[in-house]
Amino acid sequence: QVQLVESGGGLVHPGGSLRLSCAASGFAFSTYAMSWYRQAPGKERELVASITNLGFVTNYADSVKGRFTISRDDAKRQVFLQMNSLKSQDTAVYYCNAGAYSAGHYVPSANYWGQGTQVTVSS
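We now turn to the structure provided with this report.

## Re the pairing of strand S10 (residues 105–113)
Phase 1 of the analysis: In terms of strand pairing, strand S9 (residues 92–102) meets S10 through 5 bridges, oriented antiparallel. Its bridge partner being in S10, Tyr 101 is matched across the sheet by Tyr 106.

## Structural notes on unusual backbone geometry
Phase 1 of the analysis: Of note in the backbone geometry, Arg 77 takes a positive phi value of approximately 55° without being a glycine.
Phase 2 of the analysis: For Arg 77, the location among the structural elements is in the loop between strand S7 (68–73) and strand S8 (78–83).

## Examining the state of the cysteines
Phase 1 of the analysis: Per the stated rule, a full pass over the model turns up 1 disulfide.
Phase 2 of the analysis: In this model, Cys 22 is linked to Cys 96 through a disulfide, with the two sulfur atoms separated by 2.2 Å. Taking the sign of the S-S torsion, -80° for the link of Cys 22 and Cys 96, the bridge is left-handed. Here Cys 22 is found in strand S3 (residues 18–25), whereas its partner Cys 96 is found in strand S9, with 74 residues between them in sequence.
Phase 3 of the analysis: Note on Cys 96: relative accessible area 0%, which makes it buried.

## Thoughts on the nonpolar core
Phase 1 of the analysis: Counting residues in each nonpolar core, the largest one holds 28 residues, and the members touching the most others are Leu 4, Met 34, Trp 36, Phe 68, Leu 81, Met 83 and Tyr 94.
Phase 2 of the analysis: Within the residue set of this core, elements represented by two or more residues are S3, strand S4 (33–39), strand S5 (46–51), S7, S8, S9 and strand S11 (117–121).

Parameters at a glance
- Residues numbered from 1 in each chain as written.
- Predicted model: local features only at pLDDT ≥ 70, side-chain atom pairs only at ≥ 80, totals over all residues.
- Heavy atoms only, no water.
- Pairing = 2+ DSSP bridges.
- Helix = DSSP H or I, 4+ residues; strand = E, 2+ residues; numbered from the N terminus.
- Disulfide = S-S within 2.5 Å.
- Buried < 20%, exposed > 50% of the residue type's maximum accessible area, 1.4 Å probe, protein only.
- Core = buried A, V, L, I, M, F, W, Y, C linked by side-chain atoms within 4.5 Å.

Written as structure tokens, this is what we have:
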């Protein structure tokens, strides 16, 4: 079965760093674009970063640009999100998703979601 398992979240102080990992199984990982979303309580789910199936192109939300880096390792079937200079506004549950690019726009797959990992940035 399709499985996406996020890990690496935790509690950090403002300005700190975390590296999130997502382990994928049950589908043709290398053929899918991958992404990270986040959602805080009472807030809309936000696309944070995405990466093409070949890993040549990445895209970031303006709010994280310059601070976060998405990458993938197809051999290990994993996608990562390096988060630096964390702010309290980054506090959310972070989700991994498999999807595709359509006309340059990332489109998530409805069934290809992880259960999320909590990131809390607090002093």
